Structures are given as C-alpha cells and as structure tokens.
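Report on the structure
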Amino acid sequence: FPLLLLGLRRIAAAAPGREGTRAVAVTVVALVLLVLAGHPETLLHTVTGGGIYFLFELAWAGRQGWRRPLGRALLAGVLSLGLSAVQLLPFVEALPSTVEHYFRTVDFAHLKRSLPLPESVRRTATSAVPYAYGVSGHGRGQAEIVEPSAYAGAVLLPFAILGLASRRRERWPLLVNGLFGLALFARLPGVSDALASLPLFDIGINDRLIFLTAFALAGLAALGAERLREEGGARLFVLAAAGAAVAMTVLCLLLRPSFAAAGFSPSEVAGRFALQMVPLLLALAAVVATDGPVELVIA
C-alpha cells in the first residue's frame, strides 16, 4: 500500500517523458504485488484507499494538470490487469463455485451493515484501548469485535495530533482516509450501508478498511515528528501528549465494566495500561527535557 501511494504520487507529479514512465512502473509493481498476494478483498480495499489519495493529487494538480496523471493511472491499471491475468482469470472462473461466494452473495450482501450510533461509538474504543473488550486467547473476548483495530501504539497519538498542524498538504488525504476507515470499522450509520450498496463492496468485509486508519496514524505521526522540529512544535507536542494521556485515562475508567466482563483482573488491566502510558510519558518527558520547561512556558 505505501508503494502504491508512492507510485500514484509520482504519477501526479511527473513531467512528460522518462520520469512519467518510472512512475507508471512503480504503480504497476505495487498493483501486481497486491494481486499476487492472493487476497482480492485486500486488493479492492487498498485500491480504494489509493484512489482517495489520488483524488487529492488530481485536485492539487488543478484543471489543467489532471488529464495526464489520470491517463497514466489508467495505463498503470490496464498494464497491471494484463500482467496479473494469469492469476485473476482462473480466480474469476472458480469464484462462483465456492461456498464463500455463495454465502457472501446470498446472505451477507443483504445484511444491514450499520449499527445504532451508541454501538458504533462503542466499537471505536478498541482503536485507542485494544484490550477494551478482551483479547484473542486471553479473557472472555466479546465475539462481535473480531477484526483488528487501528491501534498502532499510544506513543503515536501526540505525534499524529501534531501532524494535523503540519504545513504539508499530505495531512488531508491521510485524515480523510483515516476517518473513512474508522467510520467503516465502527459501522457508522449511513457510511457503511452506502458503501455496501456498491458492486464488490456488497460482498466485502469492509470493516477491514480500518487498516487505512492505522496507516493514517503512522503517516500523520511522521508529519508530526517533522513538525516537532519546527518553531512551536515542542509546545504543541506537550499539549497533545498531555491531552492524549488524560483522554486514555478517562477512557480506561469508563471501560472498567467491559474489562470485568472480559475476565481481566485489576492487576492485568493496570499492567496493560502501563504498557500504553509509559512510552507516551517518556516521549513527553524527552521533549520537555530537550526544550526545557521554561522555554515551553515562554513559547
């Protein structure tokens, strides 16, 4: 997926000639690798995330500059389909004969995907506290939440928040992709059912687009690390880290009934909470120690 975004970015920025050819080649390699990975649902979801990103690139190119990048992107898609036909055509032929396809088309495609808003909000808790409702192989995990969440480490949260204050325009497609993935994982009313009404997405487990949120957190955190080095970055980081620590503490207090229902003892919860908070607080202390508390207050 990162290689796909790199290819699309280069397609949008490349001048005519060899540079554009290289950009198409990078995109084709990424797409062919995604096909050969052998999971077409993942191919659908990664192309969706890449498409959202590419729309931003086309918008930044303006009215006069979007035609050539769009043509290159379509060329990359056609070449990728041709190179991977040996994988795709037998799959397309065999798919209708599988039990999974029968289940997905006859039953799954007609299910309501969205949840009531309170339940939808409840599902998002695992993206901040991954053990909110139990963990696989330990405790009495609740069966309705089985897909991975967007959690990538609490220490990334203040960096990601700081990334939103970055001067780089890339923060916008990252933010949109992140919110899109989180909304689908939470089965937000309106969003989940609207996507499931489209062909292919109607038989896809679209909760898995939560990977876009994890990727967005990592990408925004990288922008945040860059912003930390700029003027005022340290002060913003301290505020973001302190806010993240307080928010996670409050969330864990609210989740105490869920911890008990999952079979966690208070000591287990405390240990897991410490594993989240210690790196976050160490990062906060490192930034304060580097800039100095006096300088931060003056800033």
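The coordinates are above.
Predicted, not measured: the structure shown is a model, and the values here were computed from it.

Describing helix α2 (residues 18–36)
With 19 residues, α2 extends 27 Å from end C-alpha to end C-alpha; this agrees with the ideal 27 Å at 1.5 Å per step. Turning to α2, its buried residues number three or more, namely G20, A23, V24, V26, T27, V28, A30, L31, V32, L34 and V35. Tucked into the core, α2 has its buried residues touching α1 (2–13), α3 (40–61), α4 (67–83) and α5 (85–94). Count one or two residues on from α2 and you reach G38, which has phi positive near 85°.

Quick look at the pattern of salt bridges
Working definition: two side chains of opposite charge can pair if their charged atoms are close together. Inspection of the entire model under this criterion finds twelve salt bridges. In this structure, E41 and R104 form a salt bridge, with 2.9 Å as the shortest nitrogen-oxygen distance. Here R104 lies in helix α6 (residues 99–106) and E41 lies in helix α3, a separation of 63 residues in the sequence. The class of R104 is buried, set by a relative accessible area of 13%. Across the pair R122 and E119 runs a salt bridge, and its minimum N-O distance is 2.9 Å.

Quick word on the nonpolar core
Within the largest apolar cluster, 18 residues are counted, with the highest numbers of intra-cluster contacts made by L4, I11, V24, V28, L34 and F54. Of all the secondary structure elements, the ones that give two or more residues to this core are α1, α2, α3 and α4. With eight residues, the single largest contributor to this core is α2. Discounting chain neighbours no more than four positions away, the residues touching F54 are L8, I11, A12, P69, L70 and A73. Within the second largest apolar cluster, 15 residues are counted, among which are A154, A241, A245 and V287.

Scoring rules and cut-offs
Residues numbered from 1 in each chain as written. Predicted model: local features only at pLDDT ≥ 70, side-chain atom pairs only at ≥ 80, totals over all residues. Heavy atoms only, no water. Helix = DSSP H or I, 4+ residues; strand = E, 2+ residues; numbered from the N terminus. Expected span 1.5 Å × (residues − 1). Buried < 20%, exposed > 50% of the residue type's maximum accessible area, 1.4 Å probe, protein only. Contact = heavy atoms within 4.5 Å. Salt bridge = Lys/Arg side-chain N within 4 Å of Asp/Glu carboxyl O. Core = buried A, V, L, I, M, F, W, Y, C linked by side-chain atoms within 4.5 Å.

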